[in-house]
Amino acid sequence: MELLATIQEIAAVVLMLGGVGFMLIGSIGINTLPDFYTRCHASGKVDTLGIVLLLMGMMVHQGPNLNSLKLVLVLCFVLVTSPVATHFLMRRAFIAGFKFWSRPEADKEKDDAALAD
Amino acid sequence: MQNDQTINRAGVQRRTYRHRGLLIQAVLLMAVWLILSGYYDFLHIFYGVICVAFVVWLNNRLTVLPLAGERCGEKQIILSRLLTYLPWLLWQIAVSGFYVAGVVLKPNPRLAPTIVRFTSRQPGVVARVILGNSITLTPGTITLAIDGDLFTVHALTAETATWKAAWPGSTARA
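The structure contained in this document is the topic of the report that follows. Remember, predicted model here, so these are calculated numbers, not experimental data.

Right, let's get into the overall build of chain B. Within chain B, the secondary structure is distributed over 6 helices and 6 strands. Along its sequence from the N terminus, chain B presents helices and strands in the succession α-α-α-β-β-α-β-α-β-β-α-β. Classification of the 174 residues of chain B by burial places 22% in the buried group. The contacts in chain B between residues at least 6 apart in sequence include a share of 66% that link residues at least 24 apart.

Next comes the structure, spelled out in structure tokens:
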């Protein structure tokens with residue numbers, strides 16, 4: 001029993017650390033990516049995965065009881081609303097005519113040269 | 001061809017399971033009530049039943065409201081297919097998170113944001129919502145707009161743009 005509890009704790013910590021890591025990467029992405037649309041990719045996808053991992057970690061930590069069922073509800077809510085929110089942000093930006101970032105021509109030539117090698 | 005079959009099947013299912021949606025709604029709402037309340041004596045469950053009945057009654061009238069030009073309750077999703085589709089979607093969420101995280105962390109990620117337009121014939125408005133959501137959840141793409149059957153998708157890198165155009169039921173468009 002003791003061993004099982006230890007394994008449970010370790011799994012929970014690993015999942016939560018993974019979640020925190022993805023949230024961090026998402027935040028880095030929001031700061032480093034070049035335009036609004038690509039930043040939406042970072043916040044919409046990486047953060048969703050981060051939240052999912054965090055919630056799963058909490059579920060493992062709780063063990064099978066009513067609280068983890070409530071966490072399942074939160075998980076479903078996040079999975080349904082997160083893509084919808086991202087889509088609507090992007091859609092409004094698209095309609096409002098936000099500019100798209102595109103790769104500078106000089107960089108493109110460099111890439112083509114690198115691919116040809 | 002495959003899409004035509006889905007439409008036919010949806011039409012058949014509409015007749016056989018007229019109240020299926022309401023039943024599923026009632027069961028799910030009751031489950032949510034039980035999970036959130038945590039009290040399992042008669043009185044609390046009785047309150048739950050009353051609330052669920054009220055919400056289902058309200059939602060029943062919602063299906064006749066037009067959504068994107070058609071009634072949203074008219075065509076139904078095939079449940080067994082939805083259930084096989086969900087695990088795949090969950091897996092895609094993980095893949096997509098890892099993919100974009102990789103793009104963010106790479107020193108020279110070769111970003112090539114592109115707009116892809118393609119048409120995809122879907123049997124109903126709910127199916128279109130599911131496809132749009134799925135595109136947003138899968139690696140490197142987010143749905144920008146849906147006009148009828150025309151999907152406009154923003155792709156983060158060039159490779160992700162070509163993946164999505166190859167999805168079944170879709171025809172790429174410049």
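The secondary structure content of chain A amounts to 4 helices and 0 strands. Written out in order from the N terminus, the α and β elements of chain A read α-α-α-α. Expressed as a percentage of the 117 residues in chain A, the buried residues total 27%. Sequence separation of 24 or more characterises 68% of the internal contacts of chain A that already satisfy a separation of 6 or more.

Let's shift gears to the interface of chain B and chain A. The interface of chain B with chain A comprises 27 residues on the first partner and 33 residues on the second. The set of elements that each furnish at least two residues to the side of chain B that touches chain A consists of α2 (20-37), α4 (79-105), α5 (125-137) and β4 (141-147) of chain B. Partitioned by chemical class, the residues of the side of chain B that touches chain A number 17 nonpolar, 9 polar and 1 charged.

Our focus in this paragraph is the environment of L89(A). Residue and element names in this part refer to chain A. Secondary-structure assignment places L89 in helix α3 (residues 66-96). We classify L89 as partly exposed; it has 17 C-beta atoms within 10 Å. Here the alpha-carbon distance between L89 and C40, two residues 49 residues apart in the chain, equals 7.9 Å.

Residues and elements named next belong to chain A. In contact at an axis separation of 10 Å, helix α2 (residues 36-62) and α3 are set at 180 degrees when each is read in the N-to-C sense. In terms of axis orientation, α2 runs roughly antiparallel to α3. Here α2 contributes F36, Y37, C40, G44, T48, I51, V52, L55, M58, M59 and Q62 to the contact with α3, which in turn contributes N67, S68, L71, V74, L75, V78, S82, P83, T86, L89, M90 and A93. Here the residues of the contact of α2 with α3 sort into 16 nonpolar, 7 polar and no charged.

Attention shifts here to the nonpolar core. Ranked by size, the top nonpolar core spans 33 residues in total, and within it V46(A), L53(A), M56(A), V100(B) and V104(B) carry the most contacts. Of all the elements in the fold, those that place two or more residues in this core are α1 (2-32) and α2 of chain A together with α4, α5, β4 and β5 (150-155) of chain B.

The rules behind these values
- Residues numbered from 1 in each chain as written.
- Chains lettered and ligands numbered in written order.
- Predicted model: local features only at pLDDT ≥ 70, side-chain atom pairs only at ≥ 80, totals over all residues.
- Helix = DSSP H or I, 4+ residues; strand = E, 2+ residues; numbered from the N terminus.
- Buried ≥ 20, exposed ≤ 12 C-beta atoms within 10 Å, placed from the backbone.
- Contact = placed C-beta atoms within 7 Å.
- Nonpolar A, V, L, I, M, F, W, Y, C, P; charged D, E, K, R; others polar.
- Axes fitted to C-alpha atoms, helices over the stretch in contact; angles between N-to-C directions.
- Parallel < 35°, antiparallel > 145°, perpendicular 65-115°, else oblique.
- Core = buried A, V, L, I, M, F, W, Y, C linked by C-beta atoms within 7 Å.

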